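# Observations on chain architecture
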Amino acid sequence: MDTSDLKKLSVRYHPSVEVGMTSGVRTCRPDSRVAIYIHIPFCATRCHFCTFAIVTGKSVTHDIMEDYLEALMKEMTHYAAILKEQRARIETIQIGGGTPTILGTGQLQHLFDFVLETFDCSQLEEIIVEGFPTTITKDKVDVLSRIDRLKLNIGIQTFNEANLAGVGRRHSLSDAASTVKLAQDANIKSVGVDIIFGLPGSTIDDVINDVNTISTLGVDHLALYPLWVYESTAVDRKIQRGALVRTRFEGLQQQMAAGQELLVANGFERYTAFHYTTSDAHKHQYGLWQMRAREWIGFGMAAMSYMNGEVVLNEKVLGRYIEKVRGGLLDTGSGQRFTSDEEMRFALQYGLRLRPYLLAQFRESFGCDVREVYGQELQYLSALGLITCDERQIDLTPDGILKLGSIEKYITREIAAIPSEQH
Ligand SMILES: C[S@@+](CC[C@H](N)C(=O)[O-])C[C@H]1O[C@@H](n2cnc3c(N)ncnc32)[C@H](O)[C@@H]1O
Ligand code: SF4
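Residues numbered from 1 in each chain as written. Chains lettered and ligands numbered in written order. Predicted model: local features only at pLDDT ≥ 70, side-chain atom pairs only at ≥ 80, totals over all residues. Heavy atoms only, no water.

### As for the site of ligand 1
In the vicinity of ligand 1, 19 residues are found, and the nearest of them are Gly98, Gln157, Arg169, Asp194 and Trp228. Within the backbone of Gly98, one N or O atom sits 3.0 Å away from a nitrogen atom of ligand 1. Computed on the free molecule, ligand 1 has an accessible area of 560 Å², of which 95% lies beneath the protein chains in the complex. Here the residues of the shell around ligand 1 are counted per class, giving 10 nonpolar, 6 polar and 3 charged. (Near = heavy atom within 4 Å. Polar contact = N/O pair within 3.5 Å; in protein donor to acceptor, adjacent residues only side chain to side chain. Areas by Shrake-Rupley, 256 points an atom, 1.4 Å probe, with all protein chains shown as cover. Nonpolar A, V, L, I, M, F, W, Y, C, P; charged D, E, K, R; others polar.)

Listed below in structure tokens is the structure:
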């Protein structure tokens, strides 16, 4: 498999939708159950593999964060009233990014106070907050520790210094470990970390060391992702010019197998394609919610919503997002309404990440058997050894996990076949 084939493996964080078809107004059905996503689009620098919607560097100032929070809260106030009117039940909230923990301590406190007061959080199961090691201070973990049912998730990626530096992560190994300790000492009840394997230069021993270090730190949750190399990222350019060496597919297979095996031996259970936990209480319900293709409403720049059969993407440019909301335009983006076929393909695409994806779930949502509607697709993926499918459930195989990006494009009919080089 050459470099361009490996690129096709990368998953997308958003489904491919043709926004611009609808106004971007999110509609909420009465008595529905929803999740909330809040996007904090700021980072000190951009990691070389990252394609998230963020701003970095000198443009990240206290004032711009204040302006952004003001707009964000205006958008949320508007929709909180609608959600209340429709008696929507809010079950999970994720504050993601970007780097939510880059906000000042006072700003973080203000954001939590606002969210908890503005939305009806009486049925809330969790609030997940994503954080970057060097931005998580004692003052901030104190704020977080006072929030009921909060789960902190910290991006660590690896405990190999050279591999970390190779992809432009600006934190040290001791920053990563001490941040976890800081959060645990502050009595945050659920602390998770993200690890990436297959970074340029990484070996099976690195994955083993990462998993053992994480296990020793005693975290409650772990995301173990392969490195997805997206086109035109700095990591992609460095690989192109030979400054970094890409991990081959066989290497990814071996590293993932070693990591998975050790995690299970260390007491973790895998509950999605990429997520592990030490107990059910620490599962990230927000991710599960999306994988079950339930409705969620996203707030902030470039946030995505999936409500009432429609996908909406908010304005992607920070200045324009702030200006639009300031000017009274609370729906800053646009959307696309799914046909029933698109809706079912969307559900199947996300559902495959679940472990297991129960056929009963698809039947419950759409009143039909996924094997009857998409039998041909499922047979094809089974024949390639990318999924297993029986009377009860569908599961990605290890190769299926690594080739999820291609599988998703195949299911949404962007490609007619999984490229043969990847078999
Ligand atoms: C919003 S970030 C987490 C918080 C914080 N921004 C950080 O990076 O430490 C979400 C996670 O996505 C994962 N991620 C981002 N880009 C990725 C890529 N190209 N391949 C694999 N994982 C990626 C990383 O593990 C990262 O921790
Ligand atoms: S800190 Fe996180 S969100 Fe920011 S650039 Fe790095 S991976 Fe992306």
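### Looking at the site of ligand 2
What surrounds ligand 2 is the set Cys43, Thr45, Arg46, Cys47, Phe49, Cys50, Phe52, Ile54, Gly98, Thr99, Phe132 and Arg169. For the shell around ligand 2, the residue count by class is 7 nonpolar, 3 polar and 2 charged.

### Examining the pairing of strand 13 (residues 310-313)
Burial along strand 13 is two-sided: Glu310 and Val312 facing one way and Val311 and Leu313 facing the other are all buried. Examined bridge by bridge, strand 12 (residues 304-307) and strand 13 share 4 bridges and lie antiparallel to one another. Within the sheet, the bridge partner assigned to Met307 lies in strand 13 and is Glu310. What sits between the antiparallel neighbours strand 12 and strand 13 is a turn of 2 residues, in which Asn308 has the positive phi angle 55°. Relative to strand 14 (residues 334-337), strand 13 is paired through 4 bridges, and the arrangement is antiparallel. (Buried < 20%, exposed > 50% of the residue type's maximum accessible area, 1.4 Å probe, protein only. Helix = DSSP H or I, 4+ residues; strand = E, 2+ residues; numbered from the N terminus. Pairing = 2+ DSSP bridges.)

### Description of unusual backbone geometry
The peptide bond linking Gly97 to Gly98 adopts the cis configuration, its omega dihedral lying at 10°. Structurally, Gly98 can be placed in the loop between strand 4 (89-97) and helix 3 (105-118). The omega torsion across Arg355 and Pro356 is -5°, close enough to zero to call that bond cis. Among the secondary structure elements, Pro356 is positioned in the loop between helix 12 (340-351) and strand 15 (357-358). Even without a glycine there, the phi angle at Asp31 is positive, about 60°. Even without being glycine, Ser232 reaches a positive phi, approximately 70°. Here Ser232 shows up in the loop between strand 8 (221-226) and helix 8 (234-240).

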